[in-house]
Every structure is written in structure tokens, then in C-alpha cells.
Amino acid sequence: GRTQSAVSHALERLREQFSDPLFVRTSDGMRPTPRASELAPRISEALRAVRAVLQDPEFFVPDSLERVFRLSMSDYSETIVLPPLIEALREQAPGVQIEVLSTAAFQPRYALESGHIDLLIGNQDVGAGAFQQELFVDAFVCVVSASHPVIKRRITLKQYLEHAHVLFAPQGRGDRLLDEALRKQRIERRVAVRVPHIQSIPAILSDSPYVVTVPAKFAAALNRPDLRLLNPPTDLPALQVMQYWHQAVHQDPAHKWLRHLVHEVAEEL
């Protein structure tokens, strides 16, 4: 909303402030210098914070929102939550973009504190300074090939121990909740394969004698006739799926709207 002259004067003041030309003329137009490219993301974050302060929550309108939200979630949450969330965003806020980052890529507490991510969906220890809300509760099931040579309509504890398992292990670690529950019952799985991505497990199971223990909603979402879902042969804890956010964005109208939308989508699950 400024004239060309006003922009030129503002640019001169910025050049003096940062001791850098910031933008230079080329045959293709103005090109940012490395210093300008370095400053851009930090200034973008500052402007986002200013907009959040100035925006009147009572007049927040999602369908006019243009913003990128960075969400962190595992393969499991991505399979269950992301498709209905994207559909809801397409209908309610077509100007919103979602960037999904893997939970294995960083420390969740630092990522929330630094603003590297806006929302974390899963089951994590995020430490102090973060809010959390339950989205849904899932159970664990065993999955085997429908043509498994031994395991048919039920799996016994003896079969669970005798057969090798496929383990979902991002960053080389297994599922914290599941591993702890099995350890307390002195049940030790014989692991044949460890994979960092849960999505690769169905193809591995399809024509093998392996067993995998995964969340029920993920197993059901696969909807594959070549796999069989079975109740575990032992008591396993419920998997509580949460959304986490930092207190810095707690009152941000756009962030509050996104959290509410995620919760609505999760309730439908």
C-alpha cells in the first residue's frame, strides 16, 4: 500500500540499518542478497507475531486466512488424521497451507519452543511450557498375513513369542508405550525387521510369517484383504493421541481455530 518513492526511501533506511544493499538490480528484476535471504524467515516470523497481536479475535475469518502451518506427526498420525484434516481445510480455509514434518527429525520440546513447528500430533514428552489436548484413544492389534501358515483366526501368546516380528522403530527405537508394557509382562519379541516408517510394514507382512503390533486405527485404515487383524494375546495399554502446542501461540486466533478444527476432525475418527 505504499508508493514506489516511499518504498525506495524505506529500502535506503534498511540498507543503512543492515550495512548491506539487501536487493540489487539484475536483468530479471530485483534480486535479494544473501543477507536479505538470511533475514527473510526471521522477519516473516516477527510479522506473523505482530499480526497475531493486532488481529481482533472476534473478527477472525478462516476463509480469508493465508498462512502456512507446520505440523509434526508420525506416519501413523499422518495416515489417520491428515486426510480428513486436509479435506476440512479445503472447505473452510483454502488459503491455508500445511507443511508436515516427521517427529523423528527434531526434539519436540525445542521445536515447539522455537516456533519451528506450530502443532505436534502424537504421544510425546514435550516438557514444560506446552499445552496438550486429547484427540482420540486407540488400541493395539496384531497383524499377520491372511495366508499365514500357522496363525489363523486368533494368536496365542506362544505363537506371539515363537514368530519373528516386524518392529516400527523410528530413529532405531521402538514404540515407547508398547515396549514398556511388554517389558513389564516379561514378554520379549523376537525381532526380524526394524523399519523407520510404518507405511512399509503391510507390504513386508503380505507374504511372510512375521507378526506386527500396531495401532488399530492404522491397521483398519489399510483395508487390505491380504492382511488379518487379530486381538493381542496379552493386555496392552491404550494409545492416547494428543495435540501439543506452545504457550506462545495459545491465544493466537488462527492457531486456536486450527486446534479446534484438528479436534473436530479427530472426534469423527
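Okay, so let's go over this structure. None of the values given here were measured: they were computed from a predicted structure. (Residues numbered from 1 in each chain as written. Predicted model: local features only at pLDDT ≥ 70, side-chain atom pairs only at ≥ 80, totals over all residues. Heavy atoms only, no water.)

What to know about the environment of Arg154
So, step 1. Position of Arg154 relative to the elements: it lies in the loop between strand E7 (140–145) and helix H6 (157–162).
So, step 2. Taking relative accessible area as the criterion, Arg154 reaches 59% and is therefore assigned exposed.
So, step 3. When the C-alpha atoms of Arg154 and Glu134 are compared, they prove to be 31 Å apart, with 20 residues separating the residues in sequence.
So, step 4. Contact partners of Arg154, with chain neighbours within four places excluded, come to Gln159 and Leu230. (Helix = DSSP H or I, 4+ residues; strand = E, 2+ residues; numbered from the N terminus. Buried < 20%, exposed > 50% of the residue type's maximum accessible area, 1.4 Å probe, protein only. Contact = heavy atoms within 4.5 Å.)

Here's the deal with the packing of aromatic side chains
So, step 1. What the rule picks out here adds up to one aromatic pair.
So, step 2. For the ring pair Phe131 and Trp245, a centre distance of 5.9 Å and an interplane angle of 15° mean the geometry is stacked. With Phe131 in strand E6 (residues 130–138) and Trp245 in strand E12 (residues 239–246), this residue pair connects regions lying 114 residues apart in the sequence.
So, step 3. Residue class for Phe131 comes out partly exposed when judged on its relative accessible area of 33%. (Phe/Tyr/Trp six-rings, centres within 6.5 Å; stacked < 30°, edge-to-face > 60°.)

Digging into the nonpolar core
Soluble globular proteins: nonpolar side chains tend toward being buried together.
So, step 1. With 53 residues, the main nonpolar core has Leu71, Tyr76, Ile121, Phe136, Val143, Ile201 and Trp257 as its most contacted residues.
So, step 2. Here this core gets seven residues from one element, more than from any other, and that element is helix H10 (residues 253–268).
So, step 3. When sequence neighbours within four positions are dropped, the list of residues in contact with Trp257 reads Phe60, Pro62, Leu65, Leu89, Gln92, Ala93 and Val96.
So, step 4. Grouped together as the second largest cluster of nonpolar side chains are nine residues, Ala111, Leu120, Met242 and Tyr244 included. (Core = buried A, V, L, I, M, F, W, Y, C linked by side-chain atoms within 4.5 Å.)

Notes on the pairing of strand E8 (residues 164–168)
So, step 1. Judged by how many residues are buried, E8 sits mostly within the fold: five of five residues are covered.
So, step 2. Of the two faces of E8, the one lined by Ala164, Val166 and Phe168 and the one lined by His165 and Leu167 are each fully buried.
So, step 3. When E8 meets strand E9 (residues 190–195), the two strands line up parallel, connected through five bridges. Bridging across to E9, Val166 finds its partner in Val193. (Pairing = 2+ DSSP bridges.)

Focus on the pairing of strand E2 (residues 29–32)
Regular strands have side chains that alternate between both faces of the sheet.
So, step 1. Sheet analysis places strand E1 (residues 23–26) next to E2, joined by four bridges and oriented antiparallel. Residue pairing across strands places Arg25 opposite Met30, the latter belonging to E2.
So, step 2. Where E1 folds back onto E2 in an antiparallel hairpin, the turn is made up of two residues.

Overview of the sheet that holds strand E3 (residues 67–73)
So, step 1. What the five strands build is an open sheet, ordered E4-E3-E5-E12-E6; its pairing is mixed. Lying at the two open borders of the sheet, with one neighbouring strand each, are strand E4 (96–102) and E6. On average, each strand axis in the sheet is tilted by 20° relative to the strand beside it, whichever way the strands run.
So, step 2. Both E6 and E12 contribute to a ladder of eight bridges, which runs antiparallel. Note on E12: the bridge partner recorded for Asp138 is Leu239.
So, step 3. Strands E3 and E4 of the sheet are contacted by helix H4 (residues 82–92), whose axis makes an angle of about 165° with E4.
So, step 4. Helix-sheet contacts for H10 involve E3, E4, strand E5 (119–122), E6 and E12, and the interaxial angle to E6 is about 15°. (Axes fitted to C-alpha atoms, helices over the stretch in contact; angles between N-to-C directions.)

In short, geometric facts, not functional conclusions.
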